[in-house]
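# Overview (structure and organization)
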Amino acid sequence: MIQIGVRLRKSCRFPWGWIIVILSIFVFWYPVTEGIAQNTQEVPAISEATQDCLGCHEDETPGIVADWRSSRHAIMSVSEALKKPIVSRRVSAISVPESLSSITVGCYECHGLNPEQHQDNFDHNDYKINTVVTPPDCSTCHPTEVKQFAGSKKANAIANLEQNPLFHQLTDTVTGQKDLENEILTFKGAAPMAKEKSCFACHGTHVTVKGLKTVQTEFDEVEVPDLTSWPNQGVGRHNPDGSFGACTACHPRHSFSIETARKPYTCAQCHLAPDVPAWEVFKESKHGNIFMSQSAKWNWTNVPWRPGEDFKTPTCSSCHNALLVNGAGNPIVERTHDFGSRLWVRIFGLPYTHAQPKEGGTFRIKNADGLPLPITFDGKPASSFLITEAEQQSRQQQMKKVCGSCHGTSWNNQFFSQMDRTNQEVDHIVKTATQLVQTAWKNKLADPSNPFDEELELMWVRHWLFYGSSARYGAAMSGPDYVGFKYGWWDLTETLVNLESLIKEKEQR
Amino acid sequence: MIQIGVRLRKSCRFPWGWIIVILSIFVFWYPVTEGIAQNTQEVPAISEATQDCLGCHEDETPGIVADWRSSRHAIMSVSEALKKPIVSRRVSAISVPESLSSITVGCYECHGLNPEQHQDNFDHNDYKINTVVTPPDCSTCHPTEVKQFAGSKKANAIANLEQNPLFHQLTDTVTGQKDLENEILTFKGAAPMAKEKSCFACHGTHVTVKGLKTVQTEFDEVEVPDLTSWPNQGVGRHNPDGSFGACTACHPRHSFSIETARKPYTCAQCHLAPDVPAWEVFKESKHGNIFMSQSAKWNWTNVPWRPGEDFKTPTCSSCHNALLVNGAGNPIVERTHDFGSRLWVRIFGLPYTHAQPKEGGTFRIKNADGLPLPITFDGKPASSFLITEAEQQSRQQQMKKVCGSCHGTSWNNQFFSQMDRTNQEVDHIVKTATQLVQTAWKNKLADPSNPFDEELELMWVRHWLFYGSSARYGAAMSGPDYVGFKYGWWDLTETLVNLESLIKEKEQR
Amino acid sequence: MIQIGVRLRKSCRFPWGWIIVILSIFVFWYPVTEGIAQNTQEVPAISEATQDCLGCHEDETPGIVADWRSSRHAIMSVSEALKKPIVSRRVSAISVPESLSSITVGCYECHGLNPEQHQDNFDHNDYKINTVVTPPDCSTCHPTEVKQFAGSKKANAIANLEQNPLFHQLTDTVTGQKDLENEILTFKGAAPMAKEKSCFACHGTHVTVKGLKTVQTEFDEVEVPDLTSWPNQGVGRHNPDGSFGACTACHPRHSFSIETARKPYTCAQCHLAPDVPAWEVFKESKHGNIFMSQSAKWNWTNVPWRPGEDFKTPTCSSCHNALLVNGAGNPIVERTHDFGSRLWVRIFGLPYTHAQPKEGGTFRIKNADGLPLPITFDGKPASSFLITEAEQQSRQQQMKKVCGSCHGTSWNNQFFSQMDRTNQEVDHIVKTATQLVQTAWKNKLADPSNPFDEELELMWVRHWLFYGSSARYGAAMSGPDYVGFKYGWWDLTETLVNLESLIKEKEQR
């Protein structure tokens, strides 16, 4: 309960006003504008083109206009941004075209870029507008991020699913339509929406232009590009300018907030149970426990980001991509938008763990069995496609630096050793399951032509794709339940026991 | 509670005092009182009866008294509330009895209403008190909301479960006690608590008065009504005044906070996986991602509610019931407490999607097969009980207006088309599963007299009730995992494969 | 409670500055230091030893130093803490050694205690340092808490798993490595990491000293103790000083925040689905609904804690361990760190519910069948090891006092009666499943020598360990989905039906 009683008789001479103004800036401006704060420079001008956009869209789509107005793009020009020390910058360009330099980054500044590349460019009230803003557009101001991203597995997310025959078969089997023909279950090709709204919602769709079409808006008839597989914001989306990627997958429209991108809820959209339970394991870990309990008090927007000062427990972004500095302001790790580049081992998506692939386009890998997988079913790695032992050590060393902000060397060493041993243990039990299925195939109890469409095969896929991944993630990020009872060793054991039981029953039939 | 007393006698030449006062109001008052803020009117008087209640209950049940004191009911009289412009009002009554008009809405003002209707009315320290406050009581000030609610599926939640013979059978089978008699598993009737604490916890119980009983409180012996199936806060609860509904299901006691009602955690109590995974899908969507990352900064109490300004991404209430206005203050959609009234299609709870029923009491539906379902197992809708195509279009148009706050017309059109196509795809695979089960019934491999009590029947129920719903929700609200690996097409495929495998095995036995 | 009264008679000779300073303290300091606020005493001195630690670790591990600096340990000396009224104290010691009394509780004050007891004590830059801080160390200032904890099931968490032959067998079967030998699935002993990273991550590992080892830090080579099964923060951890327990399991390093300990995310690390779904049920309950919607506004650090004033809906800690006071400041319940001591019945971890064990070391129990379980498979309790009926009543009475802060006597009585009846219903259906398995064992359809390693046995374990627990928790804490479709009666029914079906199929083979 608060009582504030104030009586004022005469007057102030002292300039308390300034103190109050400063207070106000802190109290009101800080949270609203994500810590942009002490700018005393003027808010830059809005371009004439963007003014025209706002003229209609303030009424037409007020939500995104209000969102943009609250963003850094709306209150900071690139030329101002470039006055900051490099370590504090959010733009990686050294310079930008003069026409973009001193104004807000508004509607037209993004949706009007590179029109000649954009098959989705269209005439809209005398402006040439792109529907889809793409990584090459963003690279006008953020070239380093776009370049890093372009080499990543994320940018290859579609090809890695479509051009890898095995993954393609898995995808098409799971999302395939099924009919009953003569009382026999018959697999049809992928149901288009099933595929687009599941796998390709995260991996990205092919957004191409079929032509123009007329739509009736609240206000008017408008002619717009007719796009395939749209809307989609998959991280590896194939765009109408030929590029791959959707920055908005993690920096959602139209505030493009670094706070949102840094929060684990963003990564959690795609990296979640049952196949990639990173989010669930994090949430259940001590790190997640502290994040959930305390993170409302942290500084989510500071660049560079300071462990201990700005945040007290790591999130996805602090370990995997953010630029972190120590108390003296020196980098602990550099920012990267190639999100696997601090990782040495791959612990999900395949039966066995293996060294990270050298390149983001994993569909190009070929192992000793001729399969497009980084490791054979017998556990032999396709080494020429994978990073070297030295590179693995170097990346692990980099991750240890992140952990070292709070944990001592001995703790770190033993923790990473535990993770290695967990991977070996899980690979071992997955091999047992794989041998069971291989025996069933050999003994004609199942048909290997599609390894994903029979009862015992689906058990086997659950075994490694869901439960093997869980047990490994649970150890790597300290979520005990995911190693044990929830998709972990309990389920690894159960699928194995049931697999053997089903095979025996089939043998006896 | 906050009292800010300000007396200004003469002046500061510059009114710094006012700045401080305004600052203080903002900083302290705003978050504490949920933005009630700018009331300069006096806090209304507490009635004598309510004073008497508080006299004991301040000690007896301090939690709810403190909760009430923090509520709008405690600081705003109805007569003050009625001074607001209609669009900003939270009361829909034009006038209220004079005895209620100028006082706080306290204990007795709610628990003392309509005593003659209330079988749970009892003498309590010389007052006539109802234990259960019901929608007719709330309608004293909120008649429009209660009327809208009364026609909804929610208000019919008990009858829709109990008076639909198929749903009744499902409920009683699942919550039924099971014994082993002569080594045969034998199904008994529903275990009472199993039913009350699961299905009926959300749908509501029958709360009736058995008589009076004496209880020993901390302070005294008290005679109170002896209620059946109490406590319960199910949304369709049958109350001791004969009415149906529990406003407190969403506006929990005793702050009745609009903030709580607007937050998706409230809806999530009942609309959650595995059968109605609305909450899980939302949380995993881009909307949910932004909600989880940013919503602490939003204005959760503003009436009317402004997309973009007050909140930046929709929650359950913004799409399904809140009054939204655009920047000019004009309604985008009107408030409704008939929560299905913006929906055109029903995507859960039944094997196939179908047009929304015309009336909340769906137990009255009869389809071409004579079953109390809106669609036959062969997919023929019971059209006379369902809304027309024109009404479906009109409702979809209304929802598009909500989406249109942030998304363009083309985006919206294609999104809704994707949703329609998803429903068709899921209905198709569910039909395949249904045909398998129908064949099994025909071939005496299962007994259709209870379609919910055998291994293959339970697989089939999982298929449509859990996994079909998930795949549809996942597409409707953009949670890819629920279309794919987590209760989606993975599980649709697996149950279908296992169903066929089990049937084959039974045939061979 | 805060009163800011300001009267200005004459001019701004009056110190407006102070008002602003007080405002600032409130606005900025309050949230940062968890409401420590009104200390006008000086921040105590940092000991010379701790200064030396900080000298390096400010750079070496900046995260934990910043975390500690934000803690109460860093700004409040024990002598100051002891000036508070007992009811408001966080230290339970009457006095502490004079050397610790007037300084901050810094690095050396904790890591330098009781060196002669610590096998993990080592020379570190001329200081004798313990790697692991243990409950006996914490008891220097918090003896009551440590004593209460020592008698709890939590402190016996390792022994209760390892020294109970049945639980030991379950653990080793689930986390056991499995090989294929002559095409037969063969169970090996527990995979060490599988066990440490799942069961023992929560229960605790044996942390012993193998000797010294040299590690290469960023700065230097350092000789440190070589610890087994480290890192681990399991609540029952066996420490290198011979003690059991890890206070940091709930009060995580190095802020040891009471806010974190009080938030349910902390308990949720171990008490979660599928075997102990306390967290999931809470989150889905009306209490959880309000917590998720409103808790950002609550006072999480007040001691003692006031229902209604400081928080509006209970969390784990308010019901199970915190000191609560009513409006008059009188205790409702006393603080306890024996977390089961307010509980009368045990509803998870075993097929049937039973009275709470008398002692934390449940591995010492022996029932009428000679098994180390508190109840036989036929439902006969090992009463001499369990609390009496009178003690059960007394504990239930205590819990009702907590509930009584918001709920009336009749509500409470009926709620607890519903919980009792739920337990009986669930015990009944679990008994049916148990009889099915016992019959299978008798008829040689399964081998009881290991009751956890065959398909039908794993179904049975799921039945009671996952689904029985869920249905009971769901009723005890009002999460309907966990009583019904999500791990509740749906799954109880399904496992039972499938169990009978599998047994029949085996009989026919």
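That block above? That's the structure.
Everything numeric in this text was worked out from a predicted model, so none of it was measured. All residue numbers here refer to positions counted from 1 along the written sequence of the relevant chain. Starting at A for chains and at 1 for ligands, labels are handed out in the order in which the entities are written. Reporting of local features is limited, given that this is a predicted model, to residues whose pLDDT is at least 70; pairs of side-chain atoms are given and counted only at 80 or more, and all residues count toward the totals for whole chains, interfaces and linings. Hydrogen atoms and water are omitted, and side-chain values are computed over all heavy atoms in the structure.

It is the rolling of a water-molecule-sized probe over the atoms that shows where space remains empty. Lining residues are defined by having an atom within 4 Å of a point belonging to a cavity or pocket. Those points lie on a 1 Å grid over the protein atoms alone, cavities being sets where a 1.4 Å probe fits but cannot get out and pockets being open sets with protein on both sides within 12 Å along at least five of seven lines. Grid points are joined across faces, edges and corners, and a volume is the space filled by probe spheres set on the points. Applying the stated criterion to the full structure yields 6 cavities of 30 Å³ or more. Looking at the second largest cavity, its volume works out to about 900 Å³. Surrounding the second largest cavity, 38 residues form its lining, A:Lys283, B:Trp279, B:Glu280, B:Lys283 and C:Lys283 being those nearest its centre. Secondary structure elements are defined from DSSP: runs of H or I of at least 4 residues count as helices, runs of E of at least 2 residues count as strands, and each element is numbered from the N terminus. Secondary-structure elements contributing two or more residues to the lining of the second largest cavity are helix H15 (278-284) of chain A, helix H15 (278-284) and helix H16 (286-294) of chain B together with helix H15 (278-284) and helix H16 (286-294) of chain C. In this classification, the charged set is Asp, Glu, Lys and Arg, the nonpolar set is Ala, Val, Leu, Ile, Met, Phe, Trp, Tyr, Cys and Pro, and all remaining amino acids, among them Gly, are polar. Its residues assigned to classes, the lining of the second largest cavity comprises 21 nonpolar, 5 polar and 12 charged.

With that settled, the discussion passes to the packing of helix H20 (residues 455-476) of chain C against helix H22 (residues 489-508) of chain C. Residue and element names in this part refer to chain C. Whenever a helix is involved, its axis is fitted only over the stretch in contact; in every case the axis is a line through C-alpha atoms, and angles between N-to-C directions fall within 0 to 180 degrees. At their nearest, the axes of H20 and H22 sit 9 Å apart, and the two run at 165 degrees to each other. With respect to H22, the axis of H20 lies roughly antiparallel. Pair H20 / H22 crosses with left-handed handedness. Across the interface between the two elements, Glu455, Leu456, Met459, Arg462, His463, Tyr467, Gly468 and Ala471 of H20 pack against Trp489, Asp491, Leu492, Thr495, Leu496, Asn498, Leu499, Leu502, Ile503 and Lys506 of H22. A class-by-class count of the residues in the contact of H20 with H22 yields 10 nonpolar, 4 polar and 4 charged. By definition in this entry, angles of less than 35 degrees are roughly parallel, angles greater than 145 are roughly antiparallel, angles of 65 to 115 are roughly perpendicular, and the rest are oblique. The handedness criterion is simple: a crossing whose near helix is rotated anticlockwise from the far helix by less than a right angle is left-handed, and one whose near helix is rotated clockwise is right-handed. What makes two residues a contact is simply this: any of their non-hydrogen atoms within 4.5 Å.

Residues and elements named next belong to chain A. Any two cysteine sulfur atoms lying within 2.5 Å of each other are counted as a disulfide. Applying the stated criterion across every chain, the model contains 3 disulfides over all chains. Each disulfide pairs two cysteine sulfurs, and for Cys202 the partner residue is Cys270, the sulfurs being separated by 2.5 Å. For the disulfide bridge between Cys202 and Cys270, the dihedral angle about the S-S bond is near -100 degrees, and by the sign convention the bridge is left-handed. Taken together, the residues Cys202 in helix H12 (residues 199-203) and Cys270 in the loop between helix H14 (264-267) and H15 connect sequence positions 68 residues apart. When accessible area is computed with a 1.4 Å probe and restricted to protein chains, residues below 20% of their type maximum are described as buried, those above 50% as exposed, and intermediate ones as partly exposed. Take Cys202: its relative accessible area is 15%, and that puts it in the buried class.

So, on to helix H3 (residues 62-69) of chain C. Residues three or four positions apart in an α-helix share a direction because the helix packs 3.6 residues into each turn. Summarising burial for H3(C): 6 of the 8 residues are buried, a large majority. Three or more residues of H3(C) are buried, namely C:Pro62, C:Gly63, C:Val65, C:Ala66, C:Asp67 and C:Trp68.

All names here are of chain A. Residue His254 follows Arg253 across a cis peptide bond; omega there is -10 degrees. Along the chain, His254 turns up in the loop between strand S7 (221-227) and helix H13 (258-262). Look at the link from Val303 to Pro304: it is a cis peptide, with omega at -5 degrees. Take Pro304: it is sitting in the loop between helix H16 (286-294) and helix H17 (316-320). Phi angles above zero are rare outside glycine, and Lys444 is one such case at about 60 degrees.

This is a description of form; function is not addressed.
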